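# Analysis of the macromolecular model
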Amino acid sequence: MELSEVVTILDSVAPPSLAESWDNVGLLLRPSTPLPIRSVLLAIDLTPSVLLEAISLPAQLLLAYHPPLFHPLRRLGGESWKDCLLARALENRVAVYSPHTALDAIPGGVNDWLAGCLGEASTRPLTQSFQEPVQTLGTHRVGASVPQGFDLKPVLSRLQDIHGVRVPTEIPSPGSRLSLTCDQSALVAIVRIFGEFKEMKDGVEITRLEKVPVPGAGMGRFCRLSEATPLQTLVDRVKERLGLTRVRLVLGSGHSLDSPMTTAAVCAGSGGSVLDGVKADMYLTGEMSHHQLLDASTRGTSIVLCEHSNSERGYLPHLASLLAPLLGERVTVHISTQDREPVQIV
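Summarised in this report is the structure supplied together with it. Worth saying up front: this structure is predicted, and the values here are computed from it rather than measured.

## Some details on the sheet that holds strand 7 (residues 140-145)
Either a parallel or an antiparallel arrangement is found when strands of a sheet pair, and the pairing is made through backbone hydrogen bonds. The four strands lie next to each other as 8-9-7-10, forming an open sheet whose pairing is antiparallel. Looking at the sheet topology across the chains shown, the edges are occupied by strand 8 (165-166) and strand 10 (205-208). Judged from the four bridges that link them, strand 7 and strand 10 form a sheet pairing that is antiparallel. Counted as the bridge partner of Val-142 is Ile-206 from strand 10. Its contacts with the sheet put helix 7 (residues 187-195) on strand 7, strand 8, strand 9 (177-182) and strand 10, and the angle it makes with strand 7 is roughly 5°.

Here it is as structure tokens:
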């Protein structure tokens, strides 16, 4: 399967448009010549041992959940370990794709999976994700009435020459309305063209297209448990689901391990900014700063910390099961055995 075909499938699973604005998602590293994909390796982080595993398999595509290209690079193959790693990936014709917060946001994504640790609960995103309407391209819709007996072809011919204008493929009939979409930069030129045709210069309407909410998609999850559950029980469920023997716990003011929890806010990875100010009995995340922990616990929220990538890595088998039927028999999906959380509790 060609790399472009695989990328199209990955984009359909976790649309890049759902990623946070600060994030860097999608195909980040691509060899300069065509690259048939026969094997994909899934990992949370691109590290030297993970890249060596990809080269040894061999895997032509490495899906690294965290984007290894985030800040601008001044050189490749320099003194930075990450620069050298990216250069080595190119030398060995290993492409790199990162879904990161797009995979967090989607329904059934990383945050929904992490929320499942708590048991039966109703969930909703803490923040709502939006995307451009599927049926349109552009930032504005322009509409105008087509008078009876008016030949619209000269107008359409002029409009088609404007960059950023999407003209309808079917010519509207006289007495109906012409509707097209465009980028903001094209608005002045469109209005000028309509103004040159006295039959159409009146009644032009311009509407700004708003992004539409994606049901069930967004950052973090707010969970209302089906029944009040002791904090200790929830901690045990988290450890079992994530395969951990220990987690870090901050007790909220007035809480004990026997305190009943009815609500929880969940965010995979570093949840401090997403969880900030959310009113819930309990937070479940990978990590938060010292002062964020003090703020939340003083407000009466207990916090369970699993370490950053521990709150994400367990999703990879589920992702593999999603991708396998989409990629078919031509592509084998592997889960890294070398990818691991760098923090150890001893």
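Once the structure has been displayed, the description carries forward.
## What to know about the nonpolar core
Ranked by internal contacts, the top residues of the largest apolar core, which has 58 residues, are Leu-61, Leu-118, Met-282, Leu-284 and Leu-319. Among the elements that make up this core, the one with the highest residue count is helix 1 (residues 3-13) (six residues). Excluding anything up to four places from it in sequence, Met-282 contacts Leu-118, Leu-231, Leu-234, Met-261, Thr-263, Ala-264, Ala-265, Thr-301, Ser-302 and Val-304. With 21 residues, the next largest nonpolar core counts Phe-150, Leu-156, Ile-162 and Leu-178 among its residues.

## Some remarks on the sheet that holds strand 17 (residues 332-335)
The five strands are arranged 1-4-3-2-17 in an open sheet whose pairing can be described as mixed. Bordering the open sheet on either side are strand 1 (26-29) and strand 17, each of which pairs with just one other strand. Neighbour-to-neighbour, the strand axes of this sheet turn through a mean angle of 30°, independent of strand direction. Summarising the sheet, strand 3 (residues 61-64) and strand 4 (residues 95-98) pair through three bridges and their orientation is parallel. If you follow Leu-62 over to strand 4, its bridge partner there is Val-96. Here helix 12 (residues 316-327) sits on the sheet and contacts strand 2 (39-43), strand 3 and strand 17; the angle it forms with strand 17, its principal contact strand, is near 175°.

Criteria and thresholds
Just so you know, the residues in each chain are numbered from 1, in the order the chain's sequence is written. Residue-level local features of this predicted model are given only where pLDDT is at least 70; pairs of side-chain atoms are given and counted only at 80 or more, and the full residue set underlies all totals for whole chains, interfaces and linings. Hydrogens and waters are ignored; side-chain quantities use all the structure's heavy atoms. At least two bridges found by DSSP between two strands are what make those strands a pair. Strands are runs of DSSP state E lasting at least 2 residues, helices are runs of H or I lasting at least 4, and numbering of each runs from the N terminus. Residue contacts follow a heavy-atom distance rule, with two residues in contact if any of their heavy atoms lie within 4.5 Å. Throughout, an axis means a line fitted to C-alpha atoms (over the contacting stretch in the case of helices), and angles, computed between N-to-C directions, take values from 0 to 180 degrees. Only buried residues count toward a nonpolar core, which is a set of Ala, Val, Leu, Ile, Met, Phe, Trp, Tyr and Cys residues joined through side-chain atoms within 4.5 Å. Only protein chains enter the area calculation, which uses a 1.4 Å probe; residues under 20% of their type maximum are buried, those over 50% are exposed, and those in between are partly exposed.

Purely geometric stuff here, so don't read any function into it on its own.
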